Amino acid sequence: MKQKEKMPKKLSTDRTHIEAGLTTLKALKRQGESDRALFVKVIGREPRDQSELNTFSNRLNLKRGNPGLDFLGMFAKAYPEIRDMTIGELLGIDSNKNESKTR
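The rules behind the values
- Residues numbered from 1 in each chain as written.
- Predicted model: local features only at pLDDT ≥ 70, side-chain atom pairs only at ≥ 80, totals over all residues.
- Heavy atoms only, no water.
- Helix = DSSP H or I, 4+ residues; strand = E, 2+ residues; numbered from the N terminus.
- Areas by Shrake-Rupley, 256 points an atom, 1.4 Å probe, with all protein chains shown as cover.
- Axes fitted to C-alpha atoms, helices over the stretch in contact; angles between N-to-C directions.
- Parallel < 35°, antiparallel > 145°, perpendicular 65-115°, else oblique.
- Contact = heavy atoms within 4.5 Å.
- Salt bridge = Lys/Arg side-chain N within 4 Å of Asp/Glu carboxyl O.
- Buried < 20%, exposed > 50% of the residue type's maximum accessible area, 1.4 Å probe, protein only.
- Arc of directions from axis to C-beta.
- Core = buried A, V, L, I, M, F, W, Y, C linked by side-chain atoms within 4.5 Å.
- Nonpolar A, V, L, I, M, F, W, Y, C, P; charged D, E, K, R; others polar.

Asker: What am I meant to see in the overall build of the protein here?
Answerer: Counting secondary structure elements, the protein contains 5 helices and 2 strands. Reading the helices (α) and strands (β) of the protein from amino to carboxyl end gives α-α-α-α-α-β-β. Within the structure as shown, the protein displays about 8,100 Å² of accessible surface, and the carbon and sulfur contribution to it stands at 51%.

Given below as structure tokens:
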């Protein structure tokens, strides 16, 4: 039997689109709104403890976060305005230039 090939490990991560996507998600938060309030809106319940709230906050941190599609899906349920965005808009990609927008 032929052995399955393994997907190669990523040696580095280009954070350009991650940071653009996180900036989009964080922009949904109202001015002065706490991370706890955002957690409740997105997750639908109070955090079980401070550790769970910290994990949520870290997933939104520009330097640490790398949210998966599950996380994006929770935001899409909580914030209808991002449902109509294209992937390019969410990730800060300018469709006319086929590259990331400069911030």
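Asker: Help me understand the packing of helix α2 (residues 35–43) against helix α3 (residues 50–59) in this model?
Answerer: The description of two helices packed together rests on the angle between their axes and the distance between the axes. In contact at an axis separation of 10 Å, α2 and α3 are set at 85° when each is read in the N-to-C sense. When the interaxial angle is binned, α2 and α3 end up roughly perpendicular. Along its contact with α2, which presents D35, R36, L38, F39, V42 and I43, the element α3 presents Q50, E52, L53, F56 and S57.

Asker: In this structure, what is going on with the pattern of salt bridges? I would like to understand it.
Answerer: Oppositely charged side chains can form a pair if their charged atoms are brought close together. With the rule as written, the count across this model stands at 6 salt bridges. Where E46 meets R36, a salt bridge forms, and the shortest distance between an N and an O atom there is 3.2 Å. Residue E46 is found in the loop between α2 and α3, and its partner R36 is found in helix α2; the two are separated by 10 residues along the sequence. By relative accessible area, which is 34% here, R36 ends up partly exposed. Measuring nitrogen to oxygen at the nearest pair gives 3.0 Å for the salt bridge that ties E52 to R48. On the basis of relative accessible area, E52 is assigned to the buried category, the value being 18%. Each member of the salt-bridge network shares a partner with another, and the members are R45, R48 and E52.

Asker: Sorry if this is basic, but what is going on with α2 here?
Answerer: Note that an α-helix has 3.6 residues per turn; residues three or four places apart therefore point the same way. Every buried residue belonging to α2 is among L38, F39 and V42, and all of these are buried. The arc that holds every buried residue of α2, seen down its axis, measures 105°, which confines them to one face. Among the structural elements, α3 and α4 (69–78) are those in contact with the buried residues of α2. Of the residues trailing α2, G44 is marked for its positive phi of about 90°.

Asker: Whenever I open this one, the nonpolar core confuses me. Can you help?
Answerer: Note on soluble globular proteins: their nonpolar side chains tend to be buried together. Within the largest apolar cluster, 15 residues are counted, with the highest numbers of intra-cluster contacts made by L38, V42, F56, L60, F75 and Y79. When contributions to this core are tallied by element, the ones reaching two or more residues are α1 (16–27), α2, α3 and α4. If we ignore the near neighbours within four places in the chain, the residues touching L38 are K29, E33, F56, L60, F75 and Y79.

Asker: I keep staring at the packing of α2 against α4 and nothing clicks. Help me out?
Answerer: Look at α2 against α4: their axes get within 8 Å of each other, and the N-to-C directions meet at 90°. If you check the angle between α2 and α4, you find them roughly perpendicular. Every residue of α4 that contacts α2 at L38, K41, V42 and I43 is listed here: M74, F75 and A78. For the contact of α2 with α4, a count of residues per class yields 6 nonpolar, no polar and 1 charged.

Such coordinate-based values are descriptive only and should not be taken to indicate function.
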